[in-house]
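# Structural overview for review
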Amino acid sequence: MKSLRLKHRWSQEEVAQLSNLNVRTIQRVEKGEKVGSETLKALASVFQISTQELVETIRCDTSGDCNNESNRETVDNRQEKALEKAKAIKYFYANAVFLLSTFVLFMLPNYNGGENAGALFGVFLSFSAIVIMHALFVFQPFGKNWEKRKVAELLEKDNVSSHSDPNEKT
């Protein structure tokens, strides 16, 4: 985990604050000592990786016998995913511009003082649905990253509520 922390240029204190863990816990994790699954989940969400990837990174950092080939494959895999995402976003914008141009250049001139308003409205709704569905597919607002952020928020909320004064009113 130390390699991940250094890669992000974070101190142990910053990682502890982001994960709502104790600095001593961060030190234990970096030494390779046994930690609980909730600790691993909190740290994985901070680094935005899976718990399995975090465990592998910790093992690699502490044992020093990392398989560089597997690390290279992971980096190549991430780069390939990033490239696919960039192409999907580029395609989305091109598609949206094409549909908007088609509507403005070919459909609006056929307005005819309201005579074709219903048809134009139908075409507009269809194009809007295409763009929205494509946006949901490309940007995935409720994908894995959203889940990670939500888990981190819930863990933080749970951690704050468990450390609050029991006599204090909420």
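Residues numbered from 1 in each chain as written. Predicted model: local features only at pLDDT ≥ 70, side-chain atom pairs only at ≥ 80, totals over all residues. Heavy atoms only, no water.

For the coordinates displayed, the defined rule picks out 4 salt bridges. Here Lys41 ties to Glu38 by a salt bridge, and the two come within 3.7 Å at their closest N and O atoms. Here Lys41 and its partner Glu38 are both found in helix 4 (residues 37-47), 3 residues apart, which amounts to about one turn of the helix. Take Lys41: its relative accessible area is 39%, and that puts it in the partly exposed class. Note that Arg59 is salt-bridged to Glu56, the shortest N-O span being 2.5 Å. On the criterion of helical spacing, the pair formed by Arg59 and Glu56 is a turn pair, its members being 3 residues apart in helix 5 (residues 51-63). (Salt bridge = Lys/Arg side-chain N within 4 Å of Asp/Glu carboxyl O. Helix = DSSP H or I, 4+ residues; strand = E, 2+ residues; numbered from the N terminus. Buried < 20%, exposed > 50% of the residue type's maximum accessible area, 1.4 Å probe, protein only.)

All of the buried residues along helix 3 (residues 23-31) are Thr25, Ile26, Val29 and Glu30. Buried positions in helix 3, seen along its axis, are confined to an arc of 135° and lie on one side of it. Taken together, the buried residues of helix 3 touch helix 1 (2-7), helix 2 (12-19), helix 4 and helix 5. At the N-terminal boundary of helix 3, the capping side chain belongs to Asn22, with an oxygen 2.9 Å from the backbone nitrogen of Arg24. (Arc of directions from axis to C-beta. Contact = heavy atoms within 4.5 Å. Polar contact = N/O pair within 3.5 Å; in protein donor to acceptor, adjacent residues only side chain to side chain.)

Here we take up the environment of Glu33. With respect to the helices, strands and loops of the structure, Glu33 is situated in the loop between helix 3 and helix 4. Sequence spacing of Glu33 and Ile58 is 25 residues, and the spatial spacing of their C-alpha atoms is 9.6 Å.

Attention shifts here to the packing of aromatic side chains. Taken as a whole and assessed by the stated rule, the structure comprises 5 aromatic pairs. The interplanar angle of 35° and the centroid separation of 5.6 Å between the aromatic rings of Trp10 and Phe47 together place this pair among those described as tilted. One end of the pair, Trp10, is in the loop between helix 1 and helix 2; the other, Phe47, is in helix 4, with 37 residues separating them in the sequence. A relative accessible area of 5% means that Phe47 is categorised as buried. Here the aromatic rings of Phe92 and Phe139 are separated by 5.2 Å at their centres, their planes lie at 85°, and the arrangement is edge-to-face. With a gap of 47 residues between them, Phe92 in helix 6 (residues 68-107) and Phe139 in helix 7 (residues 117-139) connect regions that are remote in the sequence. Phe139 sits in the partly exposed class, given a relative accessible area of 34%. (Phe/Tyr/Trp six-rings, centres within 6.5 Å; stacked < 30°, edge-to-face > 60°.)

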